[in-house]
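# Structure at a glance
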There are 2 protein chains.
Amino acid sequence: MGPGQKTKTKTYCYDFPMVSVTVDCVIFGWDNDGLHVLLIERGEEPFEGQWALPGGFIRAGEEDLEKAARRELSEETGIGSPRHLEQLGTYGHPDRDPREEHVITVAYIALIKRDEHRPQGGTDARSAHWIPMEEARRKRLAFDHDQIFSDAVERLYNKLRYDPLGFNLLPNKFPLRDVQQLYEVAIGHEVDKRNFRKKLLETGLLEDTQEIETDVKHRAAKLYQFNWTAYQKRRAEGWTFDI
Amino acid sequence: MGPGQKTKTKTYCYDFPMVSVTVDCVIFGWDNDGLHVLLIERGEEPFEGQWALPGGFIRAGEEDLEKAARRELSEETGIGSPRHLEQLGTYGHPDRDPREEHVITVAYIALIKRDEHRPQGGTDARSAHWIPMEEARRKRLAFDHDQIFSDAVERLYNKLRYDPLGFNLLPNKFPLRDVQQLYEVAIGHEVDKRNFRKKLLETGLLEDTQEIETDVKHRAAKLYQFNWTAYQKRRAEGWTFDI
DNA sequence: GCAAAAGTGTTTCCCCTACACCCATGG
DNA sequence: CCATGGGTGTAGGGGAAACACTTTTGC
């Protein structure tokens, strides 16, 4: 133990202090009533009964970090394959986990289309719940998950401005209104409807599906879809999405 | 071992497969002749004699990841405190390290002012060298350090556009030309001198030091310094740096 | 006096912004 | 027929881009 250093009791394996590595996922989903996060109620110590991000230990020597994230996603929430998965960052303060071991976690952000994951079935699915953003922000999460969650939100909101990853949250066919609402959540204020639609359609990446929404109490909006292959091509040419 | 999975031989501690965690640093420095990276020639297996990013194992239970990065920076390169240190990402493929253990590394980006670190003294400093970017890009680095390095360069170049972190590379007092050159390296093409200077000075964050450069074979340029406290204030008000 | 880089103003054009009205549908 | 949100065009202003010449210094 170094002089004057704050340390925790170390767990040893032979002579080596041990480290464990987990992955945690911040899973975002969009619904008619806004952006949600998937949280689980922990069924075991530590923090039993508290809300936390889904996650778990990686299988050393067997899997990549991203693969571990996909596995946890599936095991804990029943989500097969997210539309978007990206690494957020790694959190490794020695005291972030109250257990003896030094547990380092690699956090991932996952975006899913909620209409593709109606059933929340899965190993621990009984305890997984979609929580609206405002409500989630008020909760005190286990470990340092408050920090991870707020970092994830910041990353997502920033990225929505210059990356079309937000379309991974919307259903395959969506009205432009939904895109605007998602964008407004991200930038934190309302935008002009006409200008927004103009800029969005000028990219040429939104295709009119010739369908309209149903079950709506007023004039039905057209449904569009995002052309990912055209986007990839434009991007390869140096073009960047920016709304 | 899971069915059909590519795995490596696992190192066990009692019943648990082991993981080790390292930190690696991509250290950038600016000089009159451009951007450089600090690489070390490995003095031990694996990859003995090859070029690699400085880094090493974290001290489990004792230190934060960032603290580990600072320690490695100091031990391997003699750099006391970088002007900027940020986490890049974590790389965890089971086969990324040829040794038995599954070694996961957390990569950091460090920016330093080269005029503050003349002496490269340090534990292993004998093998640390500043390599110009072009040359570094051509080298085959140990482990997956090629990947980490190119990710770091991409992150740095992107960030230079909308974050003043580049001033952490320049000396405290610098001519505007240097800022422009750094920026041009980042965006990959030349920009108009007048427009660039105008936009830069309009931010109000650059102070004329009333000094001029010396030892130059032509008209000497004024030296400016970046006002970090003013920047923090503007940023807190919602303003964002963008050149 | 000439080579080499520093430094400076103005015009043009495009894009972003602001803004108001008609349309389609369900009840 | 009315309430609700869907959908559209245009004019004006501000900021980015383009552009050329004078100044200073060392040799």
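Attention here is on the structure that accompanies the text. Model, not experiment: these values are computed from the prediction.

### A closer look at the protein's contact with DNA strand D
In the vicinity of DNA strand D lie 18 residues, with Arg177(A), Lys193(A), Lys198(A), Lys222(A) and Arg219(B) positioned nearest. The contact atoms of DNA strand D, taken as those within 4 Å of the protein, divide so that sugar and phosphate hold 37%. Here a base oxygen of DNA strand D sits 2.9 Å away from a polar atom, N or O, in the side chain of Lys198(A). Broken down by secondary-structure element, the contributors of at least two residues to the surface near DNA strand D are α5 (193–202) of chain A together with α5 (193–202) of chain B. Sort the elements by how many residues they give to the surface near DNA strand D and α5(A) lands first, with four residues. A breakdown of the residues in the surface near DNA strand D according to their chemical character gives three nonpolar, three polar and 12 charged.

### As for the protein's contact with DNA strand C
Near DNA strand C lie 17 residues; those nearest to it are Arg194(A), Arg177(B), Lys193(B), Arg197(B) and Lys222(B). The contact atoms of DNA strand C, taken as those within 4 Å of the protein, divide so that sugar and phosphate hold 39%. Between Arg197(B) and DNA strand C, the recorded distance is 2.9 Å, taken from a side-chain N or O atom to a phosphate oxygen. For the surface near DNA strand C, the elements supplying multiple residues, two or more each, are α5 of chain A together with α5 of chain B.

### Examining the pattern of salt bridges
It is possible for side chains of opposite charge to pair when their charged atoms get near one another. What the rule picks out here adds up to 38 salt bridges over all chains. Note that Arg114(A) and Asp31(A) form a salt bridge whose closest N and O atoms lie 3.1 Å from each other. Placement of Arg114(A) in the loop between β8 (102–112) and β9 (128–132) and of Asp31(A) in strand β3 (residues 19–31) is noted, with a sequence separation of 83 residues between them. A salt bridge links Arg71(B) to Glu72(B), with the nearest nitrogen and oxygen atoms 3.2 Å apart. The burial state of Arg71(B) is the same as that of Glu72(B); both residues are buried. One continuous salt-bridge network, built from bridges that share partners, spans Arg59(A), Glu63(A), Arg71(A), Glu72(A) and Glu75(A).

Reading guide: rules and limits
Residues numbered from 1 in each chain as written. Chains lettered and ligands numbered in written order. Predicted model: local features only at pLDDT ≥ 70, side-chain atom pairs only at ≥ 80, totals over all residues. Heavy atoms only, no water. Near = heavy atom within 4 Å. Polar contact = N/O pair within 3.5 Å; in protein donor to acceptor, adjacent residues only side chain to side chain. Helix = DSSP H or I, 4+ residues; strand = E, 2+ residues; numbered from the N terminus. Nonpolar A, V, L, I, M, F, W, Y, C, P; charged D, E, K, R; others polar. Salt bridge = Lys/Arg side-chain N within 4 Å of Asp/Glu carboxyl O. Buried < 20%, exposed > 50% of the residue type's maximum accessible area, 1.4 Å probe, protein only.

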